[in-house]
Every structure is written in structure tokens, then in C-alpha cells.
Amino acid sequence: MEKIVRQALLYDFYGELLTEHQKSIYSDIVLNDLSYSEVARAEGISRQGVFDLVKRCDKILEEYESKLLLVEKFLDTKERVSRIHELATELKKMTDQQIELQEKINEIEAISKAIYESY
């Protein structure tokens, strides 16, 4: 996964656990795509200070993810829902193919059961 996308996902899930100062700087860099220099000028700190804070926030957010796995579960659920959608689309196209229909129904049941049991 592209680094910036991962950072944005981690921030979406765990950003509220950062301090206001960390959130402000991290969101400017990651979400608002400002440069380290722009943020440093706006905050009255050094470019290196901004860089270090972003690096520290990355580490904090990754630690939360390693313990809680919310992003991993979200991405897994997203993939499963996408597969359910694909299966539903395929089922609409089927007419007399009962064997394939049963296989698709079984797969839908297995996916939905896995989602249900994962929570």
C-alpha cells in the first residue's frame, strides 16, 4: 500500500489519540499535502522539528495498529464486501445454472459468516 494512503488510513482510525499539536501538524503534512517547510513556517518551528514529529506520529499510529488491527480489519472487510458485490452481480446474470448458483450461495454464506464472526 502506498505510504501516504496508509498514513491517511492510520490517521482516520487513530488520529484522535494524538495530541492537538500532533494532529494539526500531521494532518497538514499527510492530508493537506503541505511541505515540511510550509508547516514549519506556520508553526514557528524548524523543518527538522516537523519531520521528527511526523516520524514520531507515524510510529505511534503504527503501534496502535499493531495492537488493535482496525485498519487491517477494515481493509479485509472492504475486500469481502467487494467480493459479495461481485457475486451478487454474477448471480443476477445466471439463469439455469443451478450448480454454479449453489456454489455462489455457499461462498456468500461463508463470507458473511466470516465477517459476522470476526466481530
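Residues numbered from 1 in each chain as written. Predicted model: local features only at pLDDT ≥ 70, side-chain atom pairs only at ≥ 80, totals over all residues. Heavy atoms only, no water.

As for the environment of Lys55
Along the chain, Lys55 falls in helix α4 (residues 47-68). For Lys55, a relative accessible area of 56% gives the class exposed. In this structure, the C-alpha to C-alpha distance between Lys55 and Asp76, residues 21 residues apart in sequence, is 26 Å. (Helix = DSSP H or I, 4+ residues; strand = E, 2+ residues; numbered from the N terminus. Buried < 20%, exposed > 50% of the residue type's maximum accessible area, 1.4 Å probe, protein only.)

Some details on a nonpolar patch on the surface
On the surface, a cluster of nonpolar side chains totalling about 310 Å² of accessible area is made up of Phe13, Leu68, Leu70 and Phe74. Examined against the element boundaries, Phe13 turns out to sit in helix α1 (residues 3-14). (Patch = residues over 30% accessible without salt bridge, like charges linked within 9 Å, V, L, I, M, F, W, Y side chains within 5 Å. Areas by Shrake-Rupley, 256 points an atom, 1.4 Å probe, with all protein chains shown as cover. Salt bridge = Lys/Arg side-chain N within 4 Å of Asp/Glu carboxyl O.)

Things to note about the packing of aromatic side chains
Applying the stated criterion to the full structure yields five aromatic pairs. Taken together, Phe13, Tyr14, Tyr64 and Phe74 form an aromatic cluster joined through their ring pairs. (Phe/Tyr/Trp six-rings, centres within 6.5 Å; stacked < 30°, edge-to-face > 60°.)

What to know about the confidence of the model for the protein
Looking at the protein as a whole, its pLDDT mean stands at 92, while 96% of the residues score no less than 70. Within the protein, the lowest mean pLDDT, 85, falls on helix α6 (residues 98-118), and the highest, 97, falls on α4. (pLDDT = per-residue confidence, 0-100.)

Regarding the pattern of salt bridges
Taken as a whole and assessed by the stated rule, the structure comprises nine salt bridges. A salt bridge links Lys104 to Glu90; the shortest N-O distance between them is 2.9 Å. Of the two residues, Lys104 is situated in helix α6 and Glu90 in helix α5 (residues 70-93); the sequence distance between them amounts to 14 residues. Ionic pairing is found between Lys113 and Glu117, a salt bridge with its closest N-O pair at 3.9 Å. Residue Lys113 and its partner Glu117 are located together in helix α6, separated by four residues, close to a single helical turn. Glu117 carries the same exposure label as Lys113, and that label is exposed. Shared partners join several salt bridges into a network, and the residues in it are Arg83, Glu86, Glu90, Lys104 and Glu107.

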